[in-house]
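Structure at a glance
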Amino acid sequence: MENSDQWCFTAPVPRPSDEGKDRAALVKSTKWNPGDVITISFLDGDPALQERVKQAALAWTAPGLANVVFDFRNNTTNTFIRISFVGRGSNSDLGTTCKWRTDMTQPTMRFGWLTLASSNDEVNRVVLHEFGHALGLVHEHQNPGGSFNWNKENVYRDLGLIGWSKEQVDVNMFDPIAQSESNFTAFDPSSIMTYVIPATWTTDGFSVGLNQTLSAQDKSFIHAQYP
Ligand SMILES: [Zn+2]
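In this report, the structure presented in the accompanying data block is examined. Worth saying up front: this structure is predicted, and the values here are computed from it rather than measured.

With that out of the way, let us pick up the sheet that holds strand β4 (residues 90-92). An order of β2-β1-β3-β5-β4 is seen for the 5 strands of this open sheet, with the pairing classed as mixed. Looking at which strands have only one partner, the edges of the open sheet turn out to be β2 (69-72) and β4. For this sheet, the mean inter-axis angle between neighbouring strands, taken without regard to orientation, is 25°. As paired elements, strand β3 (residues 81-84) and strand β5 (residues 109-111) share 2 bridges and run parallel to each other. Within β5, the position partnered with isoleucine 83 by the bridge is methionine 109. Sitting on the sheet, helix α2 (residues 47-57) is in contact with β1 (37-42), β2, β3 and β5, with an inclination near 170° to β2. On the sheet, helix α3 (residues 120-134) packs against β1, β2, β3, β4 and β5 and is oriented at approximately 170° with respect to β5.

What follows deals with the packing of helix α4 (residues 152-161) against helix α5 (residues 166-174). Two measures define how a pair of helices packs: the angle their axes make with one another and the distance between the axes. Where α4 meets α5, the closest approach of the two axes is 10 Å, and the angle between their N-to-C directions is 120°. On the basis of their axis angle, the class for α4 and α5 is oblique. Note on packing geometry: the crossing formed by α4 with α5 is right-handed. Facing α4, whose interface residues are Lys152, Val155, Tyr156 and Leu159, α5 presents Lys166, Val169, Asp170, Met173 and Phe174. Tallied by class, residues from the contact of α4 with α5 come to 6 nonpolar, no polar and 3 charged.

Definitions and limits used
- Residues numbered from 1 in each chain as written.
- Predicted model: local features only at pLDDT ≥ 70, side-chain atom pairs only at ≥ 80, totals over all residues.
- Heavy atoms only, no water.
- Pairing = 2+ DSSP bridges.
- Helix = DSSP H or I, 4+ residues; strand = E, 2+ residues; numbered from the N terminus.
- Axes fitted to C-alpha atoms, helices over the stretch in contact; angles between N-to-C directions.
- Contact = heavy atoms within 4.5 Å.
- Parallel < 35°, antiparallel > 145°, perpendicular 65-115°, else oblique.
- Left-handed = near helix turned anticlockwise from the far one by under 90°.
- Nonpolar A, V, L, I, M, F, W, Y, C, P; charged D, E, K, R; others polar.

Dropping the structure here:
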């Protein structure tokens with residue numbers, strides 16, 4: 001499988017008062033407010049790589065897109081979003097759930113496979129995707145407006161090979177976010193929030209390749225969420 005360990009999965013930070021609450025209920029409540037200043041810092045990483053991540057992330061807040069401020073700060077962990085390059089895989093807390101972490105030495109976002117040698121396309125693709133999560137966006141294939149004819153056995157097998165449990169696959173791949181709990185549009189196969197979907201994962205040959213930039217719908221949707 002292409003990019004065999006480069007799959008992002010996102011798990012909400014458990015809210016102490018909210019143990020066991022359905023994940024789908026979090027989606028609308030993870031939104032920031034339009035105009036919010038979202039503080040961000042790096043826990044580790046080469047300064048040149050940090051700068052590339054910063055520049056890639058700022059595409060989300062370009063004029064006419066998300067009306068929030070990504071406020072990158074140095075020499076502090078007193079920030080909402082804390083980024084680490086250590087560890088395996090890439091992931092991010094969903095929206096404002098990063099505030100629920102009380103240990104400020106812990107990252108809320110991780111880029112496990114980015115290095116100074118990563119291509120600009122790869123940096124843009126992963127950074128835009130993870131910052132999409134940080135703005136509260138879920139994976140596009142979990143959009144309640146979409147429907148897929150999954151070949152579940154193949155998905156369990158391929159993601160099992162990189163250590164995903166059946167439950168992780170169910171939660172991250174097959175369970176759509178409840179319609180009543182999310183703001184959604186029609187399924188957008190060119191969204192930065194869409195997974196790569198190999199044709200072997202569907203029973204009807206549907207597939208999605210690597211999306212590297214914000215789609216037109218990504219841009220209009222994030223502006224509608226953060227006007
Ligand atoms: Zn993701």
